[in-house]
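Topology and contacts: notes
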Amino acid sequence: MGMNGSVLAIDAGNSKTDVALIGEDGTVLSTARGGGFQPPLVGVPTAVDVLGAAVAEVLGSAGVDAGSVAHVSACLANADLPVEEEQLTEALRARGWGRTVEVRNDTFAILRAGADEPRGVAVVCGAGINCVGMVPDGRTARFPAIGRISGDWGGGSGLSEEAMWFASRAEDGRGEPTELARTLPAHFGLGSMYALIEALHLGRIASERRHELAPVLFATAAAGDAVARGLVDRLADEVVALSTVALSRLGLLDEVAPVILGGSVLAARHPRLDERIGELLSVRAPKATVRVVKEPPVLGAGLLGMDHTGAAPEVHARLRAQYV
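Let us now look at the packing of aromatic side chains. Following the criterion strictly, the structure yields one aromatic pair and no others. When the ring of W165 is compared with that of F166, the centres are 5.0 Å apart and the planes differ by 80 degrees; the resulting orientation is edge-to-face. By relative accessible area, which is 46% here, W165 ends up partly exposed. With relative accessibility at 23%, the residue F166 sits in the partly exposed group.

Structure representation (structure tokens):
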């Protein structure tokens, strides 16, 4: 079954992996879901094994053998630097899932899922924050997005930590008063920041539960707390700083171009955050059109794959229609 333009699309995040096999006419032949993709924790071979399980399921249920797939388009979490993309490209190539392989950071999948063509900028704010941009000639704009050491501020876990910093100082008198000193511990059924600090430090509350505090921060801001509102405003400033830098690097600041917003924090559509992002962008990139992505990122991985194979516009349209 030698399909010229068949694409194996992989979208692998920290918590789950989606794989789709797409025929050359744009029809989704089979899909599978697998576990999270975490090379920093388990090493590259083991992480790629997780993808392999989902890939085997997709190929098996479509009755296709790996050698006949034209192209593997993999958008992977933790592929933050080009050197990591190269390493992962080699690792995927060695598995022989398709004749050609392209690995990109998973933020590109969100951009391509939300844009009509491979052109524009995406900002993703989930556990962390990242931004990428692309134009059809292949140029991209990106940031290392490693965390605080690479200048990042404002992912869900960072916001939670920042909120706790202000709340702790409010409670003990080092800082200005804020309702966060009450609302953050209350989320875990605790009566004080001291109790929350102790519970986190001693492991009675798992540290990965800290990100639950981001929605509490937004709710506290919406209720009018000045410190919480200041943090929400700073996140909007950060989203706009990322997107305008990426737009300007690609020469898109004065052109009509999409700014796609994704990730759990931005998908929650907090009114104050949305309004401020819109206001600031209207000044700094007046022709940018802002939208929150609703399509699954695996669609973006598939469309990037079809950009690579040179599929016709109607093939792209057929693929997109299956994800609406």
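Spanning 24 residues, helix α9 (residues 226-249) covers 35 Å between terminal C-alpha atoms, matching the ideal 34 Å at 1.5 Å per step. Two or three places before V227, at the start of α9, stands the capping residue D225, its side-chain oxygen 3.3 Å from that residue's backbone nitrogen. Trailing α9 by a residue or two, G251 shows a phi angle of about 70 degrees, which is positive.

So, about the pairing of strand β6 (residues 120-125). Both faces of the sheet carry side chains from a regular strand, because those side chains alternate between them. Among the six residues in β6, six count as buried, and that is most of the element. Residues G120, A122 and V124 line one face of β6 and the alternating positions V121, V123 and C125 line the opposite face, and both faces are buried. As judged from the six bridges shared by β6 and strand β7 (residues 129-134), these two strands associate in the antiparallel manner. Within the sheet, the bridge partner assigned to G120 lies in β7 and is M134. Pairing of β6 with strand β9 (residues 257-262) involves four bridges; the strand directions are parallel. Counted as the bridge partner of V124 is G262 from β9.

Our focus in this paragraph is the packing of helix α2 (residues 44-62) against helix α3 (residues 82-93). Look at α2 against α3: their axes get within 11 Å of each other, and the N-to-C directions meet at 55 degrees. Of the possible angle classes, the one that applies to α2 and α3 is oblique. Crossing handedness for the pair α2 and α3: right-handed. Residues V44, V48 and L51 of α2 pack against Q87, L88, A91 and L92 of α3. Looking at the contact of α2 with α3 residue by residue, the class counts come to six nonpolar, one polar and no charged.

Procedures and definitions
Residues numbered from 1 in each chain as written. Predicted model: local features only at pLDDT ≥ 70, side-chain atom pairs only at ≥ 80, totals over all residues. Heavy atoms only, no water. Phe/Tyr/Trp six-rings, centres within 6.5 Å; stacked < 30°, edge-to-face > 60°. Buried < 20%, exposed > 50% of the residue type's maximum accessible area, 1.4 Å probe, protein only. Helix = DSSP H or I, 4+ residues; strand = E, 2+ residues; numbered from the N terminus. Expected span 1.5 Å × (residues − 1). Polar contact = N/O pair within 3.5 Å; in protein donor to acceptor, adjacent residues only side chain to side chain. Pairing = 2+ DSSP bridges. Axes fitted to C-alpha atoms, helices over the stretch in contact; angles between N-to-C directions. Parallel < 35°, antiparallel > 145°, perpendicular 65-115°, else oblique. Left-handed = near helix turned anticlockwise from the far one by under 90°. Contact = heavy atoms within 4.5 Å. Nonpolar A, V, L, I, M, F, W, Y, C, P; charged D, E, K, R; others polar.

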